[in-house]
Amino acid sequence: MKVLVVGGGGREHAIIKSVMKNPEIEMIYALPGNGGIARDVVTVSIGATDIEGIVNFAKDNTIDYAIVAPDDPLVLGCVDELNKIGIPCFGPDAKAAIIEGSKVFSKNLMRKYGIPTASYETFDDMDAAVAYLETAPIPTVIKADGLALGKGVIIAETREAAVDAVKSMMQDKMFGASGDHIVIEEFLEGPEVSVLSFTDGKTVVPMVSSMDHKRAGDGDTGLNTGGMGTVAPNPYYTEDVAERCMKEIFIPTIEAMKAEGRTFKGCLYFGLMITKDGPKVIEYNCRFGDPETQVVLPLLKSDLFEIMQAVTEERLGDMDVEWLDASACCVIGASEGYPVKYEKGFPITIPENLLPNTFVAGAKTQDGQLVTSGGRVLGVTAVEPTLEKAIASAYEMLDQIKFDNKYFRHDIGAKAMAALNK
Ligand code: AMP
Ligand code: GLY
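Source: prediction; values computed, not measured.

Rules used throughout
Starting afresh in each chain, residues are numbered from 1 along the sequence in its written order. Working convention: letters from A go to chains and numbers from 1 go to ligands, in the order in which they are written. Reporting of local features is limited, given that this is a predicted model, to residues whose pLDDT is at least 70; pairs of side-chain atoms are given and counted only at 80 or more, and all residues count toward the totals for whole chains, interfaces and linings. Hydrogens and water are ignored here; the side-chain numbers use all heavy atoms of the structure. What counts as a helix is a DSSP run of H or I of at least four residues, what counts as a strand is a run of E of at least two, and both are numbered from the N terminus. Relative accessibility under 20% of the residue-type maximum defines a buried residue, over 50% an exposed one, and the middle range a partly exposed one, all with a 1.4 Å probe and only protein chains included. Note on contacts: a residue pair is in contact if any heavy atoms of the two residues lie within 4.5 Å. Axis angles are defined between N-to-C directions and span 0 to 180 degrees, where every axis is a line fitted to C-alpha atoms and, for a helix, only to the segment in contact. Here the word oblique covers every angle except those under 35 degrees (roughly parallel), over 145 (roughly antiparallel) and from 65 to 115 (roughly perpendicular). Near residues are defined by distance, with any heavy atom within 4 Å of the molecule or strand qualifying the residue. Pairing of N or O atoms within 3.5 Å defines a polar contact, subject to two protein rules: one partner must be a possible hydrogen donor and the other a possible acceptor, and residues neighboring in sequence count only if both atoms are side-chain atoms. Each accessible area is a Shrake-Rupley result for a 1.4 Å probe, and residues are judged covered by the shown protein chains and nothing else. Each residue is assigned to one class: nonpolar for Ala, Val, Leu, Ile, Met, Phe, Trp, Tyr, Cys and Pro, charged for Asp, Glu, Lys and Arg, and polar for all the others, Gly among them. The salt bridge criterion pairs a side-chain nitrogen of Lys or Arg with a carboxyl oxygen of Asp or Glu, the two atoms within 4 Å. When DSSP locates at least two bridges between a pair of strands, those strands are taken to pair. Within 6.5 Å between ring centres, the rings of Phe, Tyr and Trp (the latter by its six-membered ring) count as paired, and their orientation is classed by plane angle as stacked under 30 degrees, edge-to-face over 60, tilted in between. Counted as over-ring charges are cases with an Arg CZ or a Lys NZ within 6 Å of the ring centre that also lie within 35 degrees of the ring normal.

1. Observations concerning the side chain of Ser-178
And then number 1: Mapped onto the elements, Ser-178 comes out in the loop between α8 (159-170) and β9 (182-186).
And then number 2: Ser-178 gets classed as buried once you look at its relative accessible area, which sits at 12%.
And then number 3: Leave out the neighbours within four places in its chain, and Ser-178 touches Ala-144, Asp-145, Gly-146 and Leu-147.

Here it is in structure tokens:
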């Protein structure tokens, strides 16, 4: 079997390392991959949003199966185009990927089907949005409709800040056309839980829960980033919460998408907040989360590629998806200055024995040497019997990985440990 993986971050590296364990696979191509991924599989410099390039490559190389990992090619219809030339894929078609591609769509879906989420209003007129803010409860949350590289959310603590946020999105177009439509929603409070799930549109199988750490600095300070580390499982995701999520959120979402003629097949990511009124959806993603994937997949005992094929062929209900009874912690090694401004091009050394645990994101090969090329450079994941051990091992491993200007948070997992010890 020849498999194509679209994408080039730590998430894709984790997917590739997991899929590689399947004995049926002879060849994996990553488009575009990165310098770290190139140590494991063949990388091809075709960008993840170059749908035509991806389709042509798949045709020319008689690809048997494709895994489309990032949000933008999914929203752009990469799966639709690959399916058209007969290539089965893991990932939703464009009609289903809209669940992440449009926040207005996903909020209206939740309202229509009674799925718990923050109450909200949608606007496509700036004056109406500003008028609404005169009486809206503060703090309030303002979201650009479309994909905005995970940055299209502003939490406004004051009325003035809320008006500024609306203007920056709708007038100054800080997120481009994504800001033509916006959602203004209720500010929710409570611990956040990420739950990735496999679904073939009929069955939904939640993966191990996880916790992201989105802020750049220790103690959840500083700017929002793509994620500075993750732990799994998430202690706030108790059996009770899991049961409620299944009944009130997961199954209703799958059914709602089916009823709308937008059957979702692939990995559906539920970003949840556990409020005092129960679990509520903060956001849906149409794909594996990054860096959640780097802690979730190392805990998967079953064969990922078999599960993916079962999703494509709509026989997920027949699969036994098993997980290790252990904990995982992933700490991201970033470039000092991320997410604003940082230097690149520093050589990276990773001890041989740590390669299986290292998921490379922002690195490229230059004169045969792996060098930093992005803000989030790599993630290192430890799997241990307890969360406490997993955290300690992940930090020990990151300490052995060397590159100049290495920056990381020191408190990944601290909140989860505090919850466990409560
Ligand atoms: P998102 O890009 O939708 O993941 O939002 C980024 C972050 O903003 C989330 O992880 C939450 O921490 C926060 N957030 C989004 N919506 C809300 C809300 N309604 N109430 C409180 N926090 C929110
Ligand atoms: N870690 C959040 C995301 O992948 O969007």
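2. Looking at the packing of helix α1 (residues 10-19) against helix α11 (residues 304-312)
And then number 1: The N-to-C vectors of α1 and α11 enclose an angle of 100 degrees; their axes lie 8 Å apart at closest approach. In terms of orientation, α1 lies roughly perpendicular with respect to α11. For the pair α1 and α11, contact is made by Ile-15, Ser-18 and Val-19 and by Leu-304, Phe-305 and Met-308, respectively.

3. A few points about helix α6 (residues 103-113)
And then number 1: Residues of α6 that are buried: Lys-103, Val-104, Phe-105, Ser-106, Lys-107, Leu-109 and Met-110.
And then number 2: At the C-terminal side of α6, Gly-114 shows a positive phi close to 65 degrees.

4. Quick look at unusual backbone geometry
And then number 1: Along the chain, Leu-31 connects to Pro-32 via a cis peptide bond; the corresponding omega equals 0 degrees.
And then number 2: Relative to the helices and strands, Pro-32 is located in strand β2 (residues 27-32).
And then number 3: Cis geometry is adopted by the peptide bond preceding Pro-233, which originates at Ala-232 and carries an omega value of -10 degrees.
And then number 4: Non-glycine residue Asp-220 carries a positive phi angle of around 55 degrees.
And then number 5: Its identity as a non-glycine residue notwithstanding, Asp-367 has a phi of 50 degrees, on the positive side.

5. What to know about the site of ligand 2
And then number 1: As a structural note, the neighbourhood of ligand 2 is formed by Asp-212, Tyr-269, Asn-285, Arg-287, Gly-289, Asp-290 and Glu-292.
And then number 2: Residue Asp-212 places a side-chain N or O atom 2.8 Å away from a nitrogen atom belonging to ligand 2.
And then number 3: Here an oxygen atom of ligand 2 and a side-chain polar atom of Asn-285 are 3.3 Å apart.
And then number 4: Protein coverage of the free-state accessible area of ligand 2, which is 200 Å², stands at 88%.
And then number 5: Taken together, the residues that form the shell around ligand 2 break down as one nonpolar, two polar and four charged.

6. Some thoughts on the site of ligand 1
And then number 1: Residues in close proximity to ligand 1 total 15 residues, the closest being Glu-185, Glu-186, Leu-188, Glu-192 and Glu-283.
And then number 2: Between ligand 1 and the protein, one listed contact pairs an oxygen atom with a side-chain N or O atom of Lys-214 at 2.9 Å.
And then number 3: At a separation of 2.7 Å, an oxygen atom of ligand 1 approaches a polar side-chain atom of Glu-283.
And then number 4: Contact with the protein chains covers 90% of the free accessible surface of ligand 1, which is 480 Å².
And then number 5: Every element with two or more residues in the shell around ligand 1 is listed here: β7 (140-144), β8 (153-156), β9 and β17 (278-285).
And then number 6: In terms of residue class, the shell around ligand 1 is made up of eight nonpolar, one polar and six charged.

7. Notes on the pattern of salt bridges
If charged atoms from side chains of opposite charge come close, those side chains can pair.
And then number 1: Under the definition given, this model contains 16 salt bridges.
And then number 2: Salt-bridge contacts for Glu-81 lead to Lys-84; the nearest nitrogen and oxygen are separated by 2.9 Å. Of this pair, Glu-81 and Lys-84 both sit in helix α4 (residues 78-84), three residues apart, which is roughly one turn of that helix.
And then number 3: Between Glu-260 and Lys-112 there is a salt bridge; the shortest N-O distance is 2.7 Å. Of the two residues, Glu-260 sits in the loop between α9 (239-259) and β16 (266-275) while Lys-112 sits in helix α6, which places them 148 residues apart along the sequence.
And then number 4: With a relative accessible area of 29%, Glu-260 lands in the partly exposed category.

8. What about the pairing of strand β20 (residues 363-366)?
Within a regular strand, the side chains alternate between the two sheet faces.
And then number 1: Relative to strand β21 (residues 369-372), β20 runs antiparallel, the two sharing four bridges. Following the sheet pairing, Ala-363 is matched in β21 by Thr-372.
And then number 2: The loop that links β20 with its antiparallel partner β21 comprises two residues; one of these, Asp-367, has a positive phi angle of about 50 degrees.

9. A look at the packing of aromatic side chains
And then number 1: Inspection of every chain in the model, using the stated rule, returns ten aromatic pairs.
And then number 2: Residues Phe-90 and Phe-198 carry aromatic rings whose centres are separated by 6.5 Å and whose planes lie at 70 degrees to one another, so their mutual orientation is edge-to-face. Here Phe-90 is found in strand β5 (residues 89-90), whereas its partner Phe-198 is found in strand β10 (residues 192-199), with 108 residues between them in sequence.
And then number 3: Classification of Phe-198 by relative accessible area gives buried; the value is 0%.
And then number 4: Relative to Tyr-132, the ring of Phe-123 has its centre 5.2 Å away and its plane inclined at 45 degrees; by these criteria the two rings are tilted.
And then number 5: Under the relative-accessibility criterion, Tyr-132 is labelled partly exposed at 26%.
And then number 6: Within the aromatic cluster, the residues linked to one another by ring pairs are Phe-90, Phe-198 and Phe-288.
And then number 7: For Arg-111, the ring lying beneath its charged end belongs to Tyr-120, and the centroid distance is 3.9 Å.

All quantities given are derived from atomic positions and should not be read as evidence of function.
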